[in-house]
Structure formats: C-alpha cells, structure tokens
Amino acid sequence: MNPASFTPAEARALSRTTQVPTTAGFAPGYAQANLIALDKRYAFDFLLFAQRNPKPCPLLGVLEAGQTTSELFAGGDIRTDIPSYRIYRDGQLIAETPDAGEYWTPDTVGFLIGCSFTFEQALLSARIPVAHIEQGRNVPMYLTNIDCAPAGVFSGPMVVSMRPIPASQVADAVRVTSRYPAVHGAPVHVGDPAAIGIRDLSAPDFGNAVDIAPGTIPVFWACGVTPQAAVMRSKPELAICHSPGQMLVTDVRDSFYQVP
C-alpha cells in the first residue's frame, strides 16, 4: 500500500474498509478535512464558534441537516469515508468506530474544517522535513492554555499540532504555511512548549510523539481537533468527530486554498 499513489476517491474507498493509523501523506496534492457533526439545534452556535476562531476552526464547508455528501468529496459518504470516528455523548467519548451511520440522523449538521495535512506537501516540496511522515506516525497534538473565543454553548482551549523543524528552516516553514490560511495557515507558536501550557512533548494528548532531532525547533500550528476540546468542555448531547489524524480526503486540490 502506497498512500502517496492514491487518488482521493481511492483513499476514501480504503477508509471504508481498512483501519489506517493516519491519513498524513495520502493522496498528496489534495486537501484533507476534519469533521464535527452536531444536531441542528447546536449548528448556529458552532458556526459562530468557528467564525470567532478561524485559526483552529477554518471552515471548508457545511453540510445541511441530514446531508451526507458534498461536491468537496463527490459521490462519497461522510458517515463512512473517514477511517475512524469519535462519538461523544454529553462531552464523554463513548465510542470509536469506522462507520458513523448509526449516529447520523436527519437533523445532523456536518462541518468540514481545514486540516494542516493539506500544507504538508508544500513543506516537503520546499525540502522542509515533516517528522511524523518520515517516522510513519500520526502527528502529535496537544491541548494548550490558549482559550478560544466562546460562542453560544461552545468554549474550550485551542489544540495545536507540532512539527519539529530544523532551526535554519523555521522561517521558510512559516512562509510556506502562511499561504494556506484555510487550513490553519502560519504557526501560532514557535519554541518553548511551556509558554502555551504544554509540559511534555513526549506525551501528546492526541496522536503520537515523534522523535525530535538535534538542531530542530518545535513549531506549533492551530489544529482542527480544537472542536473536540470544545465538545469535551461544553458537553452537547451528541457529537460525531473524526479520530485525530484520520481525515476526510477531499477532491479539492491543495492549490485551491493557497493564496499569493
């Protein structure tokens, strides 16, 4: 299996049948998306939460109540085309499943949120190493002490993803990723993890720790797992989310989200 050779449709088809640890590196050149789906009575509050927090929650699309496909993933099914889903009830994780169909109702509204996996091909093209891809791991993600702006029933801390970048290439990484504001854009922090409330880089809250090579600096990007942190704090009755690092591979080219 060579995920770099997949088309988006092939990546989604694999997701329906096979448990993969991460979609990082799948279908390079195509955008990936995070998911949070909620009953429609929470939809406006979450839409406002995303609007007030565009760095961790950049919206790529919103599905109408009960809708399960979109032009972003033509012919697909949002209930099955992500390798693994997390189901939260009253803020508690109650299940991880490869098929969210039993939890999806005619009143479920799905939100697709930009994912930093989308700009990783641009980093690689600039010869900036991406440690979790090189090491075959899920990207490490951490809860921070940075509070998001609350909206309606939703509040919570920002989650960040971390990539150790060679010191000489940090400025390049900032420049490259800043051209992708729809998928988190430039980093929110560079350097000392304690400054944003992270005690131990070897113990991520989501994903896998990566080996940090000498001469590299931890660089932190806002992360689309932030809505799950908001769900855990705000406790909506039911939330359907992607499992961290296991994304929806869309039909949209990365370049569509690149700005000059």
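In case you missed it, the structure is sitting above this.
Reading the values: rules and limits
Residues numbered from 1 in each chain as written. Predicted model: local features only at pLDDT ≥ 70, side-chain atom pairs only at ≥ 80, totals over all residues. Heavy atoms only, no water. Helix = DSSP H or I, 4+ residues; strand = E, 2+ residues; numbered from the N terminus. Rg over C-alpha atoms; globule rule 2.2 N^0.38 Å. Contact = heavy atoms within 4.5 Å. Areas by Shrake-Rupley, 256 points an atom, 1.4 Å probe, with all protein chains shown as cover. Lys, Arg positive; Asp, Glu negative; His and termini not counted. Charge placed at Lys NZ, Arg CZ, Asp CG, Glu CD. Buried < 20%, exposed > 50% of the residue type's maximum accessible area, 1.4 Å probe, protein only. Pairing = 2+ DSSP bridges. Axes fitted to C-alpha atoms, helices over the stretch in contact; angles between N-to-C directions.

A closer look at the overall build of the chain
Per the secondary structure count, the chain includes six helices and eleven strands. Computed over its C-alpha atoms, the radius of gyration of the chain comes to 17 Å, within 12% of the 18 Å expected for a compact globule of 260 residues. By its C-alpha atoms, the chain is 50 × 40 × 35 Å across when sized along the principal axes. Pairs at least 24 apart in sequence give 78% of the contacts found in the chain among residues at least 6 apart. As displayed, the chain has an accessible area near 10,500 Å², and 52% of this comes from carbon and sulfur atoms. With 18 positive and 23 negative side-chain charges, the chain shows a spacing of 4 Å between the two charge centroids.

Re the pairing of strand E10 (residues 238-242)
Counting buried positions along E10 gives five out of five residues, so the element sits mostly inside the fold. Side chains Leu238, Ile240 and His242 project from E10 onto one buried face, and the interleaved Ala239 and Cys241 project onto a second face that is buried too. Sheet topology note: the strand E1 (residues 30-39)/E10 ladder contains three bridges and is antiparallel. Counted as the bridge partner of Ile36 is Cys241 from E10. Judged from the five bridges that link them, strand E3 (residues 85-89) and E10 form a sheet pairing that is antiparallel. Within the sheet, the bridge partner assigned to Arg89 lies in E10 and is Leu238.

Examining the sheet that holds strand E8 (residues 189-190)
Across the sheet, four strands lie side by side as E6-E7-E9-E8; this open sheet has antiparallel pairing. The strands lining the two open edges of the sheet, one partner per strand, are strand E6 (141-147) and E8. Sheet strands in contact with helix H5 (residues 170-177) are strand E7 (157-166), E8 and strand E9 (216-222), and its direction is about 20 degrees off that of E9.

A look at unusual backbone geometry
Positive phi is not limited to glycine here, since Ala27 has a value of about 45 degrees. Among the secondary structure elements, Ala27 is positioned in the loop between helix H1 (8-17) and E1. Located in the positive-phi region is Asp90, a residue other than glycine, with phi close to 50 degrees. Along the chain, Asp90 turns up in the loop between E3 and strand E4 (92-97).

On their own, these measurements won't tell you what the molecule is for.
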